[in-house]
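Descriptive analysis of the structure
Read off the chains here:
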Amino acid sequence: QVQLVESGGGLVQPGGSLRLSCAASGSIFRLSSMGWYRQAPGKQRELVAGIVTGGSTTYEDSVKGRFTISRVIATNTVYLQMNSLKPEDTALYYCNAGAGLPGHYWGQGTQVTVSS
């Protein structure tokens, strides 16, 4: 089993920044891919950013140039640095991990609200 624990969400003004963290524990050898998904009210869950063991990354078009995903293998932690936040970035953000994306394992979610 794998446990994913997220932190770092909150309320921020438009143009501000937040950094989300996701710490993985358990059978981490299964986690070749890690990523962040988000779900806004009334919308489907979508992939925001993903990273694989080799370091390759992928981003949803609307966050390219504003968000950066990174992973520290030694601590089994994945981060999402979010800059130039917009109200449309408001959503519940989920950490995800597994052999691919979407993976089998999900975190509990952390709320990000962008509002003045």
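See the structure shown above.
Presented here is a report on the structure given in the accompanying data block. Not measured: the values here are computed from a predicted model.

Procedures and definitions
Residues numbered from 1 in each chain as written. Predicted model: local features only at pLDDT ≥ 70, side-chain atom pairs only at ≥ 80, totals over all residues. Heavy atoms only, no water. Pairing = 2+ DSSP bridges. Helix = DSSP H or I, 4+ residues; strand = E, 2+ residues; numbered from the N terminus. Axes fitted to C-alpha atoms, helices over the stretch in contact; angles between N-to-C directions. Core = buried A, V, L, I, M, F, W, Y, C linked by side-chain atoms within 4.5 Å. Buried < 20%, exposed > 50% of the residue type's maximum accessible area, 1.4 Å probe, protein only. Contact = heavy atoms within 4.5 Å. Disulfide = S-S within 2.5 Å.

Further remarks concern the sheet that holds strand 3 (residues 18-26). If you walk across this open sheet you meet the 4 strands as 1-3-8-7, and the pairing is antiparallel. Each edge of the sheet is formed by a strand with only one pairing partner; in this case those strands are strand 1 (2-7) and strand 7 (67-72). With direction set aside, neighbouring strand axes in the sheet form an average angle of 15°. Where strand 7 meets strand 8 (residues 77-82), 6 bridges bridge the pair, whose relative direction is antiparallel. Following the sheet pairing, valine 72 is matched in strand 8 by threonine 77.

Further remarks concern the nonpolar core. Judged by nonpolar contacts, the single largest core of 28 residues is most densely connected at Leu4, Met34, Trp36, Leu80, Met82 and Tyr93. Elements represented by at least two residues in this core include exactly strand 1, strand 3, strand 4 (33-39), strand 5 (46-52), strand 7, strand 8, strand 9 (91-98) and strand 11 (110-114). Excluding anything up to four places from it in sequence, methionine 82 contacts Gly16, Ser17, Leu18, Leu20, Arg66, Phe67, Tyr93 and Val112.

Moving on, we come to the state of the cysteines. Linking two cysteines covalently through their sulfur atoms gives a disulfide. A complete count under the given rule lists 1 disulfide for this structure. Residue cysteine 22 pairs covalently with cysteine 95 via a disulfide, S to S 2.1 Å. Residues cysteine 22 and cysteine 95 are joined by a disulfide whose S-S torsion is about -80°; by sign, that bridge is left-handed. Note that cysteine 22 is positioned in strand 3 and cysteine 95 in strand 9, a separation of 73 residues in sequence.

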